Amino acid sequence: MVYDFYASGSEDQWTLKENRDAFSSILLRPRILIDVSEVDLTTSVLGFEISMPIMIAPTSMQKMAHPQGELATARAASAAGTIMTLSTMATSSIEEVASAGPGILFFQLYVFRDRNTVIQLVKRAEKAGFKAIVLTVDRPVLGRKEDDIKNRFSLPANYSLRNLEEPNIGKKKDETNGSVQFCHFLGEFDPSLNWKDVKWLQTITSLPILLKGILTSEDARIAIEYGVSGIIVSNHGARQLDYVPATIMVLEEIVKAVQGKVPVFVDSGIRRGTDVFKALALGASGVFIGRPVVYSLAAEGEDGVGNVLKMLREELQLTMALSGCASLKHITRHHISTDSDRARSASSSRL
């Protein structure tokens, strides 16, 4: 049940498969005879220096994977010198995760019908020292994950949604059964969520706001008009609407629409250092990983998450060296070839 919750996608799971397959259609174009005796992966995100352009996406209820849950993930991210994003639906609280170490933390936010709940969550994140709000915008209603329906998924009773236990949050504030609490809050997502709520959120926090779940250039342009600080190109790991494109396929369109006004990040389907390199070549400022984190957390706890981050770092460093890129700024669009690039080239050669 827990594995399917993490691993599966919505409905036919076409997008879940496409998130991986799409990376395979992008080929590398390495340059040679370039000094790569030193390869620098460091970068800056919203003014915060991190060791590599690989960050941890919000994934819910991590104690189902390992007893230390989000605390182990936070410690691993801090040790690796990168950013962890904590889910609203975490099994560790904002305050517990903030006390786990000195790392840079972002807070992923769902908008509930009860705006007081949202205000309290944001204020707690601010007080705990979180550095940004990641507003999920692709879940006004819950997608249909048929594996979860088949398994009758429920949060194990010995766990709870720790961020939603505080006094005055939600109608089930006295409920001790984690599964009942989980089902209650799934029904509290606000389907009326719209662009005005982005403006409202800016009035209750001074933290930078990133929108997670944009898949079109049209929405990217509107996001810029509304003054967001960044965009995360995401299809929710293929867990919401099926038959949307793989994120890597729409990344370049969104980067072009944004015109460098804010950083653009991407998640969904990233499993290799070569995947990270391809995303950077298409204009991403960095990537977020989700499932690799919970799988490694389940296998080896904090050490497992640390190993995944180390593996991806080393793979990216190797790909950069073999492609002739001594730093992230040297990675360009010319280092990759897409299906459309090859189609244009073939058409030109025929002419």
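Provided above is the structure to which this section pertains.
Residues numbered from 1 in each chain as written. Predicted model: local features only at pLDDT ≥ 70, side-chain atom pairs only at ≥ 80, totals over all residues. Heavy atoms only, no water.

**A few points about helix α2 (residues 14-24)**
Then, number 1: Of the positions making up α2, those classed as buried are T15, N19, A22 and F23. Taken around the axis of α2, the buried residues stretch over an arc of 95°, which confines them to a single face. For α2, exposure combined with an orientation more than 90 degrees from the buried face picks out K17 and S24.
Then, number 2: In the core, the buried residues of α2 are packed alongside α10 (247-258) and α11 (273-281). (Buried < 20%, exposed > 50% of the residue type's maximum accessible area, 1.4 Å probe, protein only. Helix = DSSP H or I, 4+ residues; strand = E, 2+ residues; numbered from the N terminus. Arc of directions from axis to C-beta. Contact = heavy atoms within 4.5 Å.)

**Description of unusual backbone geometry**
Then, number 1: Of note, E11 is a non-glycine position whose phi angle comes to about 45°, a positive value.
Then, number 2: Mapped onto the secondary structure, E11 falls in the loop between α1 (2-7) and α2.
Then, number 3: We classify E11 as partly exposed; its relative accessible area is 39%.
Then, number 4: Unlike most non-glycine residues, M61 shows phi in positive territory, near 50°.
Then, number 5: Residue classification places M61 among the buried positions, given a relative accessible area of 0%.

**Focus on the pairing of strand β5 (residues 83-86)**
Then, number 1: With burial as the criterion, each face of β5 is covered, one bearing I83 and T85 and the other bearing M84 and L86.
Then, number 2: With 4 bridges connecting them, β5 and strand β6 (residues 104-109) associate as parallel partners. Bridge assignment links T85 to a residue of β6, and that residue is F106. (Pairing = 2+ DSSP bridges.)

**Regarding helix α3 (residues 69-80)**
Then, number 1: Compared with the 16 Å implied by 1.5 Å per residue over 12 residues, the 17 Å span of α3 between its first and last C-alpha is a close match.
Then, number 2: Within α3, burial applies to G69, E70, L71, A72, T73, A74, A76 and A77.
Then, number 3: Check the buried side of α3 and you find it contacts β4 (54-56), β5, α4 (94-98) and α12 (291-323).
Then, number 4: Immediately beyond the C-terminal end of α3, within one or two residues, lies G81, with a positive phi of roughly 75°. (Expected span 1.5 Å × (residues − 1).)

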